Amino acid sequence: MKKNILTLSLLSFIGLSAIAQKDEIKNAEDLIEDGNFAQAKTELATAEAKLSEANDKWTERFYLYKAKAYLGDGKSTSVDDFKTAGEAYKKAVEMGSEEAQEGLAGLRNQLVQSAIDDQNTENYTSAADKLVASYELNKQDTIYLYYAAANSLNAQDYNAALKYYEQLKDLNYDGSSISYTAVNSESGETESFGSKEQRDMMAKSDQYTDPKDEKQPSKRGEIAKNIALIHIQEGNNDKAISAMDDAKANNPDDLGLLQAEANMYYQMGDKAKYNQLMNELVKKNPNDANLYYNLGVSTAELGDQEKAVEYYKKALEIDPDMDNARMNIAAVILSKEREIIDEMNGLGMSKKDNERYEELSEERKEIYKEAIPYLEAIVKKNPDNKDAVKTAMNIYTQIGENEKAAEMKALLE
């Protein structure tokens with residue numbers, strides 16, 4: 001008989017405990033609706049201690065409300081609370097909650113938007129933490145890990161950036177895609193759409209024109225480059241070369257990796273190796289104006305100005321709008337002036353010296369005349385280019401074309 005009394009007492013205790021737990025979960029629900037998230041967390045912490053006694057229905061509700069309590073208003077939510085809310089939503093989803101599934105999707109959107117806000121205010125570390133948290137809630141979305149790595153790099157948190165880039169490399173993350181764009185007729189801005197179907201539907205209306213499919217290149221080269229650059233930053237050139245060799249072994253036909261390797265040697269100061277690799281890249285991709293432009297820059301730094309001008313001119317053949325190539329050609333031409341000025345300054349006052357001075361003055365004018373067409377072409381297309389306008393103004397002044405000099409001065413003002 002005593003045994004029966006003990007059993008009944010135990011059953012009564014379990015029943016009272018379950019009732020109390022339901023009350024705590026209900027209280028948490030009311031507190032969440034009132035926006036009192038801190039008190040809701042307290043109620044849920046008490047309920048969690050007895051969660052094993054709840055049935056599936058109440059366990060699902062517990063996790064749903066726990067997620068809402070930790071998410072709060074989403075505006076001042078910490079990364080840790082976002083993570084806690086996300087894990088709670090996931091458990092509720094596993095138990096069949098459709099509301100939790102919607103909540104989890106919304107939470108991840110909030111995390112990403114909050115990360116974008118942090119990025120815009122240059123709070124890169126916080127942005128990276130939030131993007132990693134979003135990735136961990138759904139590891140199919142490796143793009144968020146990629147953006148987390150980039151934000152860590154901007155924050156100069158090289159350890160974190162290297163960790164995320166290494167993860168991406170291990171995952172064989174590619175990142176190439178096709179973006180579906182069209183021009184908004186009202187704003188004139190190019191907008192991206194989530195799918196080809198959505199873009200095509202909008203392009204049928206008068207609101208959008210010029211639909212395009214734009215291929216986004218693989219990110220493997222950039223990832224390998226950044227891993228190498230972090231190692232260089234840390235003074236580990238051997239590790240940088242090893243990382244690049246490893247990446248190339250796995251992706252031998254990736255032109256992005258060849259470009260990254262060239263950039264790596266440029267960063268190390270090995271301009272000759274850089275030029276060698278860039279020439280290989282040009283052979284494989286002969287219609288890329290940027291390759292020729294970059295070759296021009298490095299060749300000029302190596303001291304071969306004539307060859308640099310050849311590369312700049314080749315870049316302009318491919319892309320006539322590449323004004324930075326024109327500016328660099330003008331700079332190479334004008335650099336010849338230095339020797340002339342030095343000789344002029346070293347001349348005396350004799351008749352012979354005066355004759356030589358006049359000869360040098362004419363040579364100097366010829367240099368100006370050779371450079372001016374490149375500057376004029378830049379100013380014609382882009383009158384806001386102050387460097388080009390100011391250089392052209394000084395040349396016109398030197399060669400006595402005062403009217404044109406005044407035009408340039410007016411543009412500056």
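Residues numbered from 1 in each chain as written. Predicted model: local features only at pLDDT ≥ 70, side-chain atom pairs only at ≥ 80, totals over all residues. Heavy atoms only, no water.

## Quick word on helix H18 (residues 351-381)
So the rule is basically this: The way it works is that DSSP assigns letters per residue, a run of H or I at least four long becomes a helix, a run of E at least two long becomes a strand, and they are numbered from the N terminus. A helix is expected to span 1.5 Å multiplied by its residue count minus one. By definition, a residue's bend is the angle between the axes fitted to the seven residues ending there and the seven starting there. Each residue's exposure class comes from its accessible area (1.4 Å probe, protein chains only) as a fraction of the maximum for that residue type: buried when under 20%, exposed when over 50%, partly exposed otherwise. Only heavy atoms matter for contacts: two residues are in contact if any of them lie within 4.5 Å across the pair.
With 31 residues, H18 should cover 45 Å at 1.5 Å per step; its first-to-last C-alpha distance of 46 Å lies within 8% of that length. Taking the largest bend as the criterion, H18 deviates by roughly 30°, centred on Ile 372, and proline Pro 373 comes between one and four positions later. Listed in full, the buried residues belonging to H18 are Leu 360, Ser 361, Ile 367, Tyr 368, Ala 371, Ile 372, Leu 375, Ile 378 and Val 379. Buried positions along H18 lie against helix H16 (323-335), helix H17 (337-345), helix H19 (386-398) and helix H20 (402-412).

## Comments concerning the pattern of salt bridges
Pairing of side chains with opposite charge becomes possible as their charged atoms draw close. Put simply, the rule is: Salt bridges are counted wherever a side-chain nitrogen of Lys or Arg sits within 4 Å of a carboxyl oxygen of Asp or Glu.
In the structure shown here, the tally under the stated rule is 26 salt bridges. A salt bridge links Lys 212 to Asp 210; the shortest N-O distance between them is 3.8 Å. We note a salt bridge from Arg 356 to Glu 343, for which the minimum N-O separation is 2.8 Å. Of this pair, Arg 356 sits in helix H18 while Glu 343 is found in helix H17, placing the two residues 13 residues apart along the sequence. A single salt-bridge network, built from bridges that share partners, covers Lys 196, Arg 199, Asp 200 and Asp 213.

## A word on the packing of aromatic side chains
The condition that has to hold: Under the pairing criterion, centres of Phe, Tyr and Trp rings, with the six-membered ring standing for Trp, must be within 6.5 Å; the plane angle then separates stacked pairs below 30 degrees from edge-to-face pairs above 60, leaving the rest tilted. For a ring to carry a charge above it, either NZ of a lysine or CZ of an arginine must fall within 6 Å of the ring centroid while also lying within 35 degrees of the normal to the ring plane.
Taken as a whole, this structure holds five aromatic pairs when the rule is applied. By the ring-pair criterion, three or more aromatic residues cluster together here, those being Tyr 146, Tyr 147 and Tyr 173. Looking at Lys 271, its charged tip hangs above the ring of Tyr 266, at a distance of 4.8 Å from the centre. Taking the ring centre of Tyr 265 as reference, the NZ or CZ of Lys 273 above it sits at 5.6 Å.

## Brief notes about the confidence of the model for the chain
Using the following cut-off: A residue's pLDDT is the predictor's confidence in that residue, given on a scale from 0 to 100.
Of all residues in the chain, 91% have pLDDT values of 70 or greater, and the mean over the chain is 84. Segment residues 1-20: pLDDT under 50, and four contacts once partners within four positions in sequence are set aside and those in other chains are kept.

## Regarding helix H13 (residues 271-284)
Taking 1.5 Å per residue, 14 residues should reach 20 Å; H13 reaches 20 Å between its end C-alpha atoms and fits that length. By the burial criterion, the buried members of H13 are Tyr 274, Asn 275, Leu 277, Met 278, Leu 281 and Val 282. In this structure, the buried side of H13 is in contact with helix H12 (255-268) and helix H14 (289-301).

## Notes on the layout of surface pockets
The gaps of empty space that remain are located by a probe, the size of a water molecule, rolled over the atoms. Note the cut-off: With a 1 Å grid laid over protein atoms only, a set of points is called a cavity when a 1.4 Å probe fits there but cannot get out and a pocket when it is open yet has protein on both sides within 12 Å along at least five of seven lines; lining residues have an atom within 4 Å of a point. Grid points are joined across faces, edges and corners, and a volume is the space filled by probe spheres set on the points. Each residue gets one of three labels, nonpolar for Ala, Val, Leu, Ile, Met, Phe, Trp, Tyr, Cys and Pro, charged for Asp, Glu, Lys and Arg, and polar for the others, Gly among them.
What the largest pocket holds in volume is close to 400 Å³. In terms of lining residues, the largest pocket is bounded by 18 residues, among which Pro 217, Leu 255, Gly 256, Gln 259 and Asp 288 are the most central. If you list the elements that add at least two residues to the lining of the largest pocket, you get helix H10 (220-233), H12 and H14. No other element matches the five residues that H12 contributes to the lining of the largest pocket. For the lining of the largest pocket, a count of residues per class yields five nonpolar, eight polar and five charged.

## Re the environment of Val 282
Looking at the secondary structure, you find Val 282 in helix H13. Considered as a pair, Val 282 and Leu 295 are 13 residues apart in the sequence and their alpha carbons are 9.2 Å apart. Look past the residues within four positions of Val 282 in its chain and what remains in contact with it is Leu 291, Tyr 292 and Leu 295.

## Description of the packing of H17 against H18
Two packed helices can be described by the angle between their axes and the distance between those axes. As a reminder of what qualifies: Here an axis means a line fitted to C-alpha atoms, over the contact stretch when the element is a helix, while the angle between two N-to-C directions is reported on a 0 to 180 degree scale. For classification, angles of less than 35 degrees are called roughly parallel, those exceeding 145 degrees roughly antiparallel, those between 65 and 115 degrees roughly perpendicular, and all remaining angles oblique. By the definition used in this description, the sense in which the near helix is turned from the far one sets the handedness, with an anticlockwise turn below a right angle giving left-handed and a clockwise turn giving right-handed.
The contact between H17 and H18 brings their axes to 10 Å, and the two run at 160°. Our classification of the angle between H17 and H18 gives roughly antiparallel. Crossing hand, H17 versus H18: left-handed. Residues Glu 337, Ile 340, Ile 341, Glu 343 and Met 344 of H17 form the contact with H18, whose participating residues are Arg 356, Tyr 357, Leu 360, Ser 361, Glu 363, Arg 364, Ile 367 and Tyr 368. Here the residues of the contact of H17 with H18 sort into seven nonpolar, one polar and five charged.

## With respect to the packing of helix H3 (residues 56-71) against helix H4 (residues 79-94)
Two elements in contact, H3 and H4, have axes whose closest approach is 8 Å; the angle formed by their N-to-C orientations is 160°. The orientation of H3 with respect to H4, classified from their angle, is roughly antiparallel. Read as a crossing pair, H3 and H4 show a hand that is left-handed. Each of Glu 60, Tyr 63, Leu 64, Lys 66, Ala 67, Lys 68, Tyr 70 and Leu 71 in H3 lies in contact with H4, whose residues at this interface are Asp 81, Phe 82, Thr 84, Ala 85, Ala 88, Tyr 89, Lys 91 and Ala 92. Residues belonging to the contact of H3 with H4 are distributed by class as follows: ten nonpolar, one polar and five charged.

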